[in-house]
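Coordinate inspection notes
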Amino acid sequence: MNQRTDGYRLLPVPPEPGRYRALRALCGLSPITQGQSERAIEGTWAWRTVVDAAGETVAMGRVVGDGDWYFLVADMATLPEHQGKGLGRAVLVSLLEEIRDRAEEGAYVTLTADPPGRRLYESLGFRDVAPGGTGMSLRL
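Residues numbered from 1 in each chain as written. Predicted model: local features only at pLDDT ≥ 70, side-chain atom pairs only at ≥ 80, totals over all residues. Heavy atoms only, no water.

**Section: the pairing of strand β5 (residues 70-78)**
- With seven of nine residues buried, β5 is to be regarded as a mostly interior element.
- Examined bridge by bridge, strand β4 (residues 57-65) and β5 share six bridges and lie antiparallel to one another. Its bridge partner lying in β5, V63 is registered against V73.
- Between the end of β4 and the start of β5, which pair antiparallel, lie four residues, with G67 showing a positive phi angle near 85°.
- As paired elements, β5 and strand β6 (residues 108-110) share three bridges and run parallel to each other. Residue pairing across strands places Y70 opposite Y108, the latter belonging to β6.
- Regarding the hand of the β-α-β motif, the stretch spanning β5, helix α3 (residues 87-102) and β6 is right-handed. (Buried < 20%, exposed > 50% of the residue type's maximum accessible area, 1.4 Å probe, protein only. Helix = DSSP H or I, 4+ residues; strand = E, 2+ residues; numbered from the N terminus. Pairing = 2+ DSSP bridges. Right-handed = clockwise from strand over helix to strand, strands pointing away.)

Listed below in structure tokens is the structure:
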């Protein structure tokens, strides 16, 4: 998908906070508060959203990080009725292109993959860190 294909547009902007929360919920991601959504939008290094012909945000992804060496891909989500059309791939490819364009060579990009997204991430070069590393998390 380029910037405009099949009625969809890929945009380098965040969704509005309410839509961000709704997309997360509709795609099975953990719920967040209004305040968390506002701070996430403000603190993100790069955003991509996909809007349909009606202007509704139907897919998204973002990158957080220090802007030069470490980057975390987060909130990759596509509404179920829009899956299978290459929207998630378009979002991720565009985010990775921005990292390549703006960061020094050797940037470290990480993500936590849900099982349905694993094939997409691996197709773009992401590899499991095990057994040399262990993915971990802590929810406070």
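**Concerning the pattern of salt bridges**
- What the rule picks out here adds up to six salt bridges.
- R24 is the salt-bridge partner of D75, the closest N and O atoms lying 2.2 Å from each other. In this pair, D75 sits in strand β5 while R24 sits in helix α1 (residues 17-26), placing the two residues 51 residues apart along the sequence.
- On the accessibility criterion, D75 (9% relative accessible area) is buried.
- E98 is the partner of R48 in a salt bridge, and the nearest nitrogen-oxygen pair spans 2.6 Å. (Salt bridge = Lys/Arg side-chain N within 4 Å of Asp/Glu carboxyl O.)

**Focus on the environment of E16**
- Along the chain, the position of E16 falls in the loop between β2 (8-11) and α1.
- A C-alpha to C-alpha distance of 20 Å links E16 and E81, two positions 65 residues apart in sequence.
- Only 2.6 Å separates the side chain of E16 from the backbone nitrogen of R19, close enough to count as a polar contact. (Polar contact = N/O pair within 3.5 Å; in protein donor to acceptor, adjacent residues only side chain to side chain.)

**Side note on the packing of aromatic side chains**
- For the coordinates displayed, the defined rule picks out six aromatic pairs.
- Look at W69 and Y108: their rings are 5.8 Å apart centre to centre, the planes differ by 15°, and that puts the pair in the stacked class. Of the two residues, W69 is situated in the loop between β4 and β5 and Y108 in strand β6; the sequence distance between them amounts to 39 residues.
- For the pair Y121 and F126, a centre-to-centre distance of 6.2 Å together with 75° between the ring planes defines the contact as edge-to-face. For the pair shown, Y121 and F126 are each scored as buried. (Phe/Tyr/Trp six-rings, centres within 6.5 Å; stacked < 30°, edge-to-face > 60°.)

**Things to note about the nonpolar core**
- Y20, V50, V63, M76, L92, I99 and Y121 are the most contacted members of the largest nonpolar core, which totals 32 residues.
- Broken down by secondary-structure element, the contributors of at least two residues to this core are β2, α1, α2 (34-42), β3 (46-51), β4, β5, α3 and α4 (118-123).
- The element best represented in this core is α3, accounting for six residues. (Core = buried A, V, L, I, M, F, W, Y, C linked by side-chain atoms within 4.5 Å.)

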